[in-house]
Amino acid sequence: MTLQEIDFRPMPKVYRRHNCERHHRTYLSFARCVWRSAEWVREFDPGTDLRYAMVSNCRKPYRYGDQRTVSLWASRESAEHQREWIDRTGCGGGCYRAHEVIRLEMQP
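Because the structure is predicted, anything quoted here is derived from the model rather than measured.

1. Observations regarding the sheet that holds strand β2 (residues 40-43)
The strand order across the open sheet formed by five strands is β1-β5-β3-β4-β2, and the pairing between neighbours is mixed. The sheet is open, and its two edges are formed by β1 (13-15) and β2, each paired on a single side. Between one strand axis and the next, the sheet turns through 30° on average, direction left out of account. Bridge count for strand β3 (residues 52-56) against strand β4 (residues 69-73) is five bridges, and the pairing is antiparallel.

2. A few points about the nonpolar core
Judged by nonpolar contacts, the single largest core of 14 residues is most densely connected at Trp 35, Val 41, Ala 53, Val 70, Leu 72 and Leu 104. Ranked by residues supplied to this core, first place goes to helix α1 (residues 27-34) with four residues. With near-sequence residues (within four places) excluded, Val 41 lies in contact with Leu 28, Ala 31, Arg 32, Trp 35, Val 70 and Leu 72. In terms of nonpolar packing, the next biggest core, distinct from the first, is built from six residues, Tyr 52, Met 54, Trp 73 and Ala 79 among them.

3. Some words on helix α2 (residues 76-89)
Structurally, the α-helix is built with 3.6 residues per turn, so residues lying three or four positions apart point the same way. The end-to-end C-alpha distance of α2, which contains 14 residues, comes to 20 Å, matching closely the 20 Å that a straight helix rising 1.5 Å per residue would cover. Of all the residues in α2, the buried ones are Arg 76, Ala 79, Glu 80, Ile 86 and Asp 87. When α2 is viewed along its axis, its buried side chains cluster within an angular range of 130° and face the same direction. Projecting away from the buried face of α2 at angles above 90 degrees are the exposed residues His 81 and Arg 88. Against β3, β4 and β5 (99-104) lie the buried residues of α2.

Rules used throughout
Residues numbered from 1 in each chain as written. Predicted model: local features only at pLDDT ≥ 70, side-chain atom pairs only at ≥ 80, totals over all residues. Heavy atoms only, no water. Pairing = 2+ DSSP bridges. Helix = DSSP H or I, 4+ residues; strand = E, 2+ residues; numbered from the N terminus. Axes fitted to C-alpha atoms, helices over the stretch in contact; angles between N-to-C directions. Core = buried A, V, L, I, M, F, W, Y, C linked by side-chain atoms within 4.5 Å. Buried < 20%, exposed > 50% of the residue type's maximum accessible area, 1.4 Å probe, protein only. Contact = heavy atoms within 4.5 Å. Expected span 1.5 Å × (residues − 1). Arc of directions from axis to C-beta.

Structural data, given as structure tokens:
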């Protein structure tokens, strides 16, 4: 008999469509299209199969415009680890811990 590991974490949001007619080849181009007005979208793991996005939606009161930042990760564990770290330390002045992990699924 083997033990089965159970994951009690809630399932992350999934972004499949974003009302765009283009066919994206990479997750980086898909994420840049989904979050067009984000301050930055960057890859933080090597490779091209970066299916998880850690999104910071915090707004600093002293800045204007969209202040969202997006980091792309290869695994859910990496993205969750980054979210836990940024929740502990904050993402800058005015951080109110509005950070979330989102799974990206590009449509063929």
